[in-house]
Amino acid sequence: PFRDERMDLTDVSTSNPIAQIMNMPLFLAACIALIQRIKDAGKLILREKVLTIFLLWCLLSVYWSPFAFVSFKRYFQVLTAFTIFLSILVHTDSVNDLIRFLKGIFSVFIILSFISVFTVPGAKDLEGMWRGLSTSKNHLGQASLTAALVFLLSIKRAGIIQKAFLVIMILISLVLLNGSGSSTSLLTFCFIIFLWALFAIDDNLKHLKIGRTFSIMVFTSIIVLAISAWLFAPEYVKGFF
């Protein structure tokens, strides 16, 4: 957290000692945790075919990379994160337990990030965008968006006091998301809100037997508008991106 901004290309180091020290013990600890549930891990890997193919493709890309060693280190970082989450999933009895763990982690992260933005100069980048405890505004945007979704999933089964706390956490997460200025995370949030509104309208129109027809019409209209804008007004589309 609060890493200094790089002012010149020569300031970029070729390796991160902290990451190198932490990744190997984390990877080994996750592997040890998987030994007792190796069959469950194998079933999960076979079931999540798209993710498994993606990891194999990443490993294969090391072969033709002009910087094979650097590519392998990046792959090992991805593999470490995958192994850690896999070890958590095979030892979790229910999705509710997993959400409970994530809720506790994100609560601490969101609160400390929000406080740091107003108390630590390094919690903002040179353009004034918030990054909190993250290394960049994009990382803060991703974490804030994920935290808001986790809190939303937890709010249904929470008591009155817990609901009040979760609502506060959701609001803080959205404030951090907006302060980060991460366009990708903000667009993802808008897309999720759009889908939520669309499915909510579908549910309300089910008794009229037009719910699914309504969503199909909306998606078709969006596709037609996107293609029309790309064909007849490409300058606006390019300016948006």
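Thresholds applied
- Residues numbered from 1 in each chain as written.
- Predicted model: local features only at pLDDT ≥ 70, side-chain atom pairs only at ≥ 80, totals over all residues.
- Heavy atoms only, no water.
- Salt bridge = Lys/Arg side-chain N within 4 Å of Asp/Glu carboxyl O.
- Buried < 20%, exposed > 50% of the residue type's maximum accessible area, 1.4 Å probe, protein only.
- Helix = DSSP H or I, 4+ residues; strand = E, 2+ residues; numbered from the N terminus.
- Patch = residues over 30% accessible without salt bridge, like charges linked within 9 Å, V, L, I, M, F, W, Y side chains within 5 Å.
- Areas by Shrake-Rupley, 256 points an atom, 1.4 Å probe, with all protein chains shown as cover.
- Core = buried A, V, L, I, M, F, W, Y, C linked by side-chain atoms within 4.5 Å.
- Contact = heavy atoms within 4.5 Å.
- Axes fitted to C-alpha atoms, helices over the stretch in contact; angles between N-to-C directions.
- Parallel < 35°, antiparallel > 145°, perpendicular 65-115°, else oblique.
- Left-handed = near helix turned anticlockwise from the far one by under 90°.
- Nonpolar A, V, L, I, M, F, W, Y, C, P; charged D, E, K, R; others polar.
- Phe/Tyr/Trp six-rings, centres within 6.5 Å; stacked < 30°, edge-to-face > 60°.
- Expected span 1.5 Å × (residues − 1).
- pLDDT = per-residue confidence, 0-100.

Student: Mind laying out the pattern of salt bridges, listing which residues take part and the relevant values?
Tutor: Evaluation of the coordinates by the stated rule reveals two salt bridges. Note that E48 and R47 form a salt bridge whose closest N and O atoms lie 3.8 Å from each other. Using a relative accessible area of 39% as the deciding quantity, one classes E48 as partly exposed. In this structure R47 comes out as exposed when scored by relative accessible area, which is 57%. The salt bridge involving R100 is made with D97; its shortest N-O contact spans 3.5 Å. In this pair, R100 and D97 both sit in helix 5 (residues 95-119), three residues apart, roughly one turn of the helix.

Student: Account for a nonpolar patch on the surface, naming residues and giving values.
Tutor: A cluster of nonpolar side chains, contributed by W57, L60, Y63 and W64, occupies part of the molecular surface with about 570 Å² of accessible area. Owing to a relative accessible area of 48%, W64 belongs among the partly exposed residues under this scheme.

Student: Could you give an account of the nonpolar core, naming the residues involved and the relevant values?
Tutor: Considering soluble globular proteins, one finds that nonpolar side chains tend to be buried as a cluster. The biggest cluster of nonpolar side chains holds 17 residues, and the ones touching the most others in it are I110, F151 and L176. Elements with a minimum of two residues in this core: helix 5, helix 6 (137-154) and helix 7 (160-180). In this structure, L176 is in contact with I110, S113, F114, V117, W130, L140 and S144, ignoring residues within four places of it in sequence. In this structure, A41, L44, L86 and V90 belong to the second largest nonpolar core, which totals five residues.

Student: Give me the lowdown on the packing of helix 5 against helix 7, citing residues and values where you can.
Tutor: With their axes 10 Å apart at the nearest point, helix 5 and helix 7 run at an angle of 50° to one another. The angle between helix 5 and helix 7 places the two elements in the oblique class. As helix 5 packs across helix 7, the resulting crossing turns out to be left-handed. Together, K103, S107, I110, I111, S113, F114 and V117 of helix 5 and F165, L166, M169, I172, S173, V175 and L176 of helix 7 make up the contact between the two elements. Here the contact of helix 5 with helix 7 is composed, by residue class, of 10 nonpolar, three polar and one charged.

Student: If you had to explain the packing of aromatic side chains to someone new, which residues and values would you point to?
Tutor: Scanning the model with the defined rule gives four aromatic pairs in all. A centroid spacing of 5.1 Å and a plane angle of 70° characterise the contact between F114 and F118, whose relative ring orientation is edge-to-face. Of the two residues, F114 and F118 both sit in helix 5, four residues apart, roughly one turn of that helix. F114 sits in the partly exposed class, given a relative accessible area of 27%. Here F118 falls in the exposed class, since its relative accessible area comes to 55%.

Student: Can you break down helix 6 residue by residue, with the values?
Tutor: Taking 1.5 Å of rise per residue, 18 residues should cover 26 Å, and helix 6 covers 26 Å from first to last C-alpha, within 8% of that figure. Within helix 6, burial applies to L140, G141, A143, S144, L145, A147, A148, V150, F151 and S154. The secondary structure elements touched by the buried residues of helix 6 are helix 5, helix 7 and helix 8 (183-204).

Student: Any details on the packing of helix 5 against helix 6? Residues and values, ideally.
Tutor: Between two packed helices, the angle of one axis relative to the other and the distance separating the axes together describe the packing. Relative orientation of the contacting elements helix 5 and helix 6 amounts to 130°, with a least axis distance of 9 Å. Regarding the angle of helix 5 to helix 6, the classification is oblique. Considering the relative orientation of helix 5 and helix 6, their crossing is left-handed. Within the contact between the two elements, helix 5 uses I99, L102, K103, F106, S107, F109, I110 and S113 and helix 6 uses L140, A143, S144, T146, A147, V150, F151, L153 and S154. Considered class by class, the residues forming the contact of helix 5 with helix 6 number 11 nonpolar, five polar and one charged.

Student: So what about the confidence of the model for the chain? Which residues, and what values?
Tutor: When pLDDT is averaged along the chain, the result is 82; 82% of the residues meet or exceed 70. Mean pLDDT values over the elements of the chain span from 61, in helix 10 (residues 234-240), up to 93, in helix 7.

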